[in-house]
Amino acid sequence: MAAILPSDPAATQVAPVRTGRRWPLWLLALFTVALLPFAIGSDYLFSAILVPLLILSLAGLGLNVLTGYAGQLSLGSAAFMAVGAFATYNLQLRLPGLPMPLAMAGGGIVAAGTGLVFGLPSLRVKGFYLIASTLAAQFFIPWLLSQYSWFSNGNDSGVVTAPPLKLGLLDLDSPAGRYALTLTIVALVTWGASNLVRGPAGRAWIAVRDMDLAAAAIGIAPGRAKLFAFAVSSFILGVAGGLWAFTYLGTVEPAGFDLDRSFQILFIVIIGGLGSIRGNFLGAAFIVLLPVGLSIAAGVLAGSQVDPALIENIQKVIFGILIIFFLIVEPDGLTTLVDRALRTQFRWIGSRKSGNQE
Amino acid sequence: MSFFLNVLVGGALAGVMYALVAIGFVLIYRASGVFNFAQGTMILFAALTFANLVEMGAPMLLAFLVTFALLIGSAFLTERLVLRPLANRSVITLFLATLGLSYIFEGVAQIAWGTQVHSLDIGLPDEPVDLFGLSISSFDLAATAIAALLVVGLALLTGRTGLGLALRAVAADPLAALSIGIRQERVTVIAWSLAGFVALVAGLLWGARSGVQFSLALIVLKALPVLIIGGFTSVGGVIVAGIVVGAGEKLAEIFLGPVIGSGIENWFAYVLALLFLMIRPTGLFGQRDLARI
Amino acid sequence: MHNSRSKPLLLLAAAGTLLTLSACGKKAEPTQEELAPAAQGKAQYFPLQSYRVGPYAAGGSGFFGGFIDYMQLVNARGGVNGVPLSWAECETEYDVEKGVECYERLKKSSDGSPTAATNPLSVGIAYATLDRSTSDKIPLITINHGRTDSTDGSIFPYVFPLQLNPYSEVSAIFNFIGTRSGGLDHLRGKKIAVLYHGSPYGKETNGVIDRLASRYGVTVEKIEVPHPGNEQQSQWLKIKQFAPEWVILRGWGVMNPVAIRTARKVGFPTDRIIGNIWSNSEEDVVPAGATAKGYIAITTHPSGTNFPVLQQIKAEVIEKGKGNLADPKRFGTVYYNLGVVNGILNVEAVRVAQEKFGHRPLTGEEVRWGFEHLNIDAVRLQALGAVGLVQPLKLSCADHEGGGAVRFQQWDGAKWSLISDWVQADRPFLRPIIEESARKYAREKGINPRNCAKES
């Protein structure tokens, strides 16, 4: 390796773990922001911005559990989303009368099982080489799903369309309804995950991530912790996949869960901040909003005179530069950047306890 | 039997093409410790530049040199603007930086040269050749010969020259290399330039085979399992791994395909890589990392 | 886990961003219905989810270039009965997500002009915007491709696989092979290999190929090429082993030239390969160089510039500097002409609808009526200057395809030449299969089919 100082391949830069909480003020503010879109009522905002943003944040959370907290690098996130999506579809199809949330939870469980299987190699393989396992998942699973038409209910093309979104008597088929359902599910899963990472499981993961030999020495079973991380991570990704298919695109297609999607989720986690819950939302916002923002800006500045291909390629270059810039300037992700900015620029809001938050 | 051999040999030769791409990765990994995802778009960039220069009327040799020069320039820029600020960072961070780099290469290549498909003729015909009773593509044979030349050249470079010695020193122990006066920046730029050269050769061969267009950048996905099997640090290992992957893939597709479904090629290489890893966690010829508390 | 003090500001920032975003999404305040009666100075708006970047950029830039140039021509001649056409582009990169985002962003114009139809030229994007288009009441046009069962307009009122759906395409190829073998009854016992792209588009026709094969007594081997298809060694070796009389190539993008080259590599004759509607352009054969000579492909429209409408475009749009193509040499190529044909059909639907609803910008619902009543016969083709370029088309509530005929062309190394007259698909045979699939969809989605007999 060419680094000047020896660096441990297993250690990753992470944001410090925060466990203090003050409920009422921020919860109220969060509520307001979440409910604001209903007042605005824009189709575009719901269908094209908020829903994918929420789902990608959830997916980021799933990957963060595995890579940020447990330190197991994974490039197969999209494959587990695919499992969740198809499992949800099949459960809904073959068990008529099963309410949608249960079907999604079922999809998550199936995805968790799959994650467990592909996580087994982590017991033997460490570090960067572990991507072989998740990459194998990334290519094998979409093949499996499109090869055997049972998964798509006999549909020749392997694409299935999601049934109309109904929750008991509630018809959620409108953009606002989809947003509401997505918001609820994402909030629930995030709450569950954040409790998990702040408890003994989370601490075991962090120990395994930082130095698994030492963790074993103090009595944590690294194998069990890693597999648990794979399972939880894949559950969350499976639910995200179900949401992606049912509340966002309305179709379930293996090609939408390809390697590019896995990279996208990995970007969300890195830019947002490894080992943070809030960071996933920030990272997803960055990933979703930046191309849209650039596209709209280009449309406004350049009008229709300029070749769209040129604009698109310039965007790509800008995106690449921003990614590198970000990695250089703020390695701990947006979440630490934001915290630091607030701490230094907005001191009048109140001081924070210094050092590692606990 | 001859059908089986045809598939085997054809696959092995195709695998050499994968290995060609993978060699670029190995060069960079040894010098910078980073898995350079941008190798794929470097190939696209190199092939597009060459194809367009030739179409504009430049003789092939000139086009080759100009493209190589551009790649050297980009190696400089990469070292200065990306690698230096990110020294000492984690493997994942560097990997993601190369992902960002690949976006930049892709964008610049397409801004400069457009998004159209170009055909590339480098004078290598693609006819079936009868060799030992097997039908082998003349193009594949030529590609293998070129790859062999490249490997030999690289081996000579690293084994016999002072530059090669410096490369090996930096790969083995950067701190020690620094202490005896080897300039790491220079070595990095040279390694990336060499990788650029390899990308250029690979780009020409792949471009001649399937046309110069965006999907060239996707070949890197096949090179990944080759690297994992062959180890990130060994050129020889990568060649062997390439042959194994290429042959295995084709055989699986043809003989396993009717049993479990077609399209096995999609994932076979990766599953193979995974199986290899379980047996030998650091790759066929990779270095063993010792873990200490 | 959060610092309570940083939260509120974070959320304020989020709220601010939300507001800004909704502002750009909500550019047009009045709805289409409100606007229609009082539309002065407004245009007929076409959102364009185009792609000029990415692996399929060649196809996209050609198609949208032709489409936009045709619309420029119409505008140069005063629009459709005085109503000008307007459009806005959004780059999708052929990516489904971006396609959906572009759809939502562009579906309402920025100046209140009502939306006529969307033309994403992508199966994936079409699938993902199908439900949205139906609930937003905007026709979704999938010319020469799309969901085959959307041909049944009673279940898919807003989706139009104009001219040719995937089933018709395959059936027409079988019929052509039949004519080349001396008649469909001479097909019995012959072998055909189908090499298809590993994607929903590629797989769509597998079922119907089996049915056609058993109908004519043909042995078929279907071989998949994993996306993107850079490497086809094993597939072509399988084909060589199978030794078919013909190979049908259902490719896309780079798969096409690689297929042709690899065929030569294993020694399979190029003039026995028939490419489908997405393997039929200059961009597909040029990268294969000299090996592509003799390759046959279907087309719903020839390439070339000899058509009056193209000459008009040349004179009134391109020579005035308003041409959309970055490379003027692509004028008259297959994808460009497809764009022109698409433009002709879209505008014709608007024209037909205007005869019923009035000479003004029309809503999506009204334009849909126009599509369903498209009746382009020889006389109309003459008036449009598109004889030989567009086939006679007649759509209806139950039939959203309208044509189903193709011609066959052969590549001679420099250009395509037509080698057949119109070959019709066996639509009566295909119709029950289509209806069965459409009904299944209707059941899954809980849709009540329209009664086509009752509607005008």
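Since this is a predicted model, take the numbers as computed values, not measurements.

(A) Representation of the overall build of chain A in the model. Regarding its fold elements, chain A presents 13 helices and four strands. Looking at chain A residue by residue over its 358 residues, the buried ones come to 59%. Across chain A, every contact between residues at least 6 apart in sequence was considered, and the portion connecting residues at least 24 apart equals 79%. Carbon together with sulfur atoms contributes 69% to the accessible area of chain A, which is approximately 13,500 Å² in total.

(B) The pairing of strand β12 (residues 405-411) of chain C, seen in detail. All names here are of chain C. With six of its seven residues buried, β12 lies for the most part within the structure. As paired strands, strand β9 (residues 296-299) and β12 are joined by four bridges and run antiparallel to one another. Bridge pairing in β12 places Ala297 opposite Gln409. Of the strand pairs in this sheet, β12 and strand β14 (residues 423-424) are connected by two bridges, and their pairing is antiparallel. Bridge pairing in β14 links Ala405 to Gln424. Note: β12 against strand β13 (residues 416-418), three bridges, orientation antiparallel. Counted as the bridge partner of Trp411 is Trp416 from β13. Remark: four residues form the turn of the hairpin made by β12 and β13, two consecutive strands paired antiparallel; Gly413 in that turn has positive phi of roughly 105°.

(C) Geometry of the confidence of the model for chain C. Residue and element names in this part refer to chain C. Summing up the model confidence of chain C, the mean pLDDT is 86 and the portion of residues at 70 or higher is 91%. Between the elements of chain C, mean pLDDT differs from a low of 32, seen in helix α2 (residues 32-35), to a high of 96, seen in strand β3 (residues 140-141). Overall, residues 1-5 carries pLDDT values under 50, and its contacts beyond four positions in sequence, including any with other chains, amount to 17 contacts. Overall, residues 25-40 carries pLDDT values under 50, and its contacts beyond four positions in sequence, including any with other chains, amount to 17 contacts. As scored by the predictor, the complex reaches a pTM of 0.84 and an ipTM of 0.83.

(D) The pattern of salt bridges, seen in detail. Across all of its chains, the model carries 32 salt bridges over all chains by this definition. Among the salt bridges present, the one from Asp399(C) reaches Arg427(C), with a minimum N-O distance of 2.8 Å. Residue Asp399(C) is located in the loop between β11 (393-394) and β12, and its partner Arg427(C) is located in helix α16 (residues 427-445); the two are separated by 28 residues in the primary sequence. Take Asp399(C): its relative accessible area is 14%, and that puts it in the buried class. Looking at Arg427(C), the relative accessible area reads 23%, which means it is partly exposed. A salt bridge links Lys415(C) to Asp412(C); the nearest nitrogen and oxygen atoms lie 3.3 Å apart. One network of salt bridges, in which partners are shared, links Lys222(B), Glu249(B), Lys250(B) and Glu265(B).

(E) View of unusual backbone geometry. Residues and elements named next belong to chain C. One non-glycine residue, Lys137, adopts positive backbone phi at about 60°. Along the chain, the position of Lys137 falls in the loop between α5 (123-136) and β3. The backbone of Asn144 shows a phi angle near 65°, a positive value even though the residue is not glycine. On the secondary structure map, Asn144 appears in the loop between β3 and β4 (159-160).

Rules of the game
- Residues numbered from 1 in each chain as written.
- Chains lettered and ligands numbered in written order.
- Predicted model: local features only at pLDDT ≥ 70, side-chain atom pairs only at ≥ 80, totals over all residues.
- Heavy atoms only, no water.
- Helix = DSSP H or I, 4+ residues; strand = E, 2+ residues; numbered from the N terminus.
- Buried < 20%, exposed > 50% of the residue type's maximum accessible area, 1.4 Å probe, protein only.
- Contact = heavy atoms within 4.5 Å.
- Areas by Shrake-Rupley, 256 points an atom, 1.4 Å probe, with all protein chains shown as cover.
- Pairing = 2+ DSSP bridges.
- pLDDT = per-residue confidence, 0-100.
- Salt bridge = Lys/Arg side-chain N within 4 Å of Asp/Glu carboxyl O.

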